[in-house]
Amino acid sequence: MHREDFPMLKKDIIYFDNGATTLKPQCVIDSVVEYMTNHTSNIHRGDYDAAVITNKLYDNVRNIVSSFVNCDSREVIYTSGATQSLNMVVFGYMKKHLKKGDEVLLNKAEHASNILPWIILSKQIGIVIKYVPLDNNYELTLENIKRCVTFKTKVISLAQITNVIGDVRDVYNIGKFCHENNILFNVDGAQSVPHMRVDFKNCYMDFLSFSGHKMCGPTGVGILVGRYELLEDMDPLCYGGGMNSYFEENGDYELKSIPTRFEAGTTPIAQVIGLGEAIKYLMKIGMDNIHEHEMKLKQYLLDKVKDIPNIIVYNTSSNSGIFAFNIDGVFAQDTSIYLNSYNIYVRAGNHCAKELKDEINIKNTVRVSMYFYNNYNDVDRLVDALRNSKDIFKIVL
Ligand SMILES: Cc1ncc(COP(=O)(O)O)c(C=O)c1O
């Protein structure tokens, strides 16, 4: 779908690394160029025409985000990406509200950005991290979560879609369970918000983090959505211009209201404007259409690789466009270099989910991650290349 919108697809490449970052449509590129060409200015500082236009464009992106993920626009904070958003939750909010012995439930399929900050916090203040076991398909179930909950459980933090197994977590029921049991629900939406309809309010989320560059937007911008009452009690991690009302020699100061309080310094203005354009573009295509298309492609790929011997697939049942595999006996990176010789771009490695090896017993996998602009021809070319892979070492070495 919509391949003609993407300049990169005019080259003869098959782009299957959308979990890492997505291609950019012309309308997003144009919006950034338009800002830089015609009204470059800082935000919330100037009184001249260009600054007024920029303020409008920039501020309006909060409304676009709020209708996209169903939250209040005052709950939308611009960040540099999902990683910064997740760090703000852990060190800006949780550090202030958790205490020694409080338990946080994670699982081993999570990305580094939703584990490492918690490990650091556990060393700083003595919270206890507990890992919810995955089921036989390496997926996370509410039943397993419930088995790990104790009266000390204060937070459940998880990716709505994980970046290697690609299972879609039941955030509605997990969120409802958290809500009913007074547990904070922190959702990493880096892999879900770009690919499916996400509903912050109705899924009882307390925090939701995602990145612009994984959803057709520019790099360097992301979003943290937080429930307003919680944001009121969250500390900024960064102080400086733009976020204060005043400060004095005697140390008196006052911070601006939410969300500006969390956006110190000059923010990624061009990128925010580009992200707004990307969201409008995705909404026009329709998030349900995107998810449905990816599921059809994934099923097509699964059916096709069934009769290729030596392909080990790790996530046959997961409900997203992520396909994690290895060629038996071949190092993942060799497979990825081999596929590059066919102009097929995939990612190999541990994908920043470094604890997943404890569950799937292998460190490195090859990841095919699809988006709406992939098509059946892309899958056919991948499958052909995999069928020919008996020559893999001739090409790689
Ligand atoms: C599940 C998940 N969470 C968080 C991140 C971090 O995103 P970023 O690098 O854009 O901050 C990623 C990136 O791959 C991811 O896949």
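Owing to the predicted nature of the structure, the values given are computational and were not obtained by experimental measurement.

Chemist: Can you tell me about the overall build of the chain, naming the residues and giving the values?
Modeler: Check the secondary structure of the chain and you find 13 helices and 15 strands. Relative to a compact globule of 397 residues, whose C-alpha radius of gyration would be 21 Å, the chain shows 22 Å and is just as compact. The principal-axis extents of the C-alpha atoms in the chain amount to approximately 75 × 55 × 35 Å. For the chain, the residues scored as buried account for 54% of the 397 residues in total.

Chemist: Quick one: what's the story with helix α8 (residues 269-285), residue by residue and with numbers?
Modeler: Spanning 17 residues, α8 covers 25 Å between terminal C-alpha atoms, matching the ideal 24 Å at 1.5 Å per step. Burial analysis of α8 places 12 of its 17 residues in the buried class, the great majority of the element. Within the sequence span of α8, burial applies to Ile269, Ala270, Val272, Ile273, Gly274, Leu275, Gly276, Ala278, Ile279, Tyr281, Leu282 and Ile285. Turning to α8, the residues buried within the fold contact α1 (26-38), α2 (49-69), β2 (76-79), β8 (222-226) and α9 (287-305).

Chemist: Explain empty space enclosed by the protein to me, using residue names and the numbers behind them.
Modeler: Using a probe with the size of a water molecule, rolled over the atoms, empty space left in the structure can be pinpointed. In this structure the tally under the stated criterion is two cavities of 30 Å³ or more. Lining the largest cavity, in full, are Asn18, Gly19, Ile161, Gln191, His195, Glu294, Ser320, Gly321, Ile322, Ser369 and Met370. Classifying every residue of the lining of the largest cavity by side-chain character gives three nonpolar, seven polar and one charged. No fewer than three residues from each of domain 1 (3-16 + 286-389) and domain 2 (26-284) sit in the lining of the largest cavity. As for the second largest cavity, its lining consists of Val164, Gly349, Asn350, His351, Ala353, Leu356, Lys357, Ile360, Ile362, Lys363 and Thr365.

About the criteria used
- Residues numbered from 1 in each chain as written.
- Predicted model: local features only at pLDDT ≥ 70, side-chain atom pairs only at ≥ 80, totals over all residues.
- Heavy atoms only, no water.
- Helix = DSSP H or I, 4+ residues; strand = E, 2+ residues; numbered from the N terminus.
- Rg over C-alpha atoms; globule rule 2.2 N^0.38 Å.
- Buried < 20%, exposed > 50% of the residue type's maximum accessible area, 1.4 Å probe, protein only.
- Expected span 1.5 Å × (residues − 1).
- Contact = heavy atoms within 4.5 Å.
- 1 Å grid on protein atoms, 1.4 Å probe; cavity = no way out; pocket = protein on both sides within 12 Å on 5 of 7 lines; lining within 4 Å.
- Points joined across faces, edges and corners; volume = space filled by probe spheres on them.
- Nonpolar A, V, L, I, M, F, W, Y, C, P; charged D, E, K, R; others polar.
- Domains from an automatic or database assignment.

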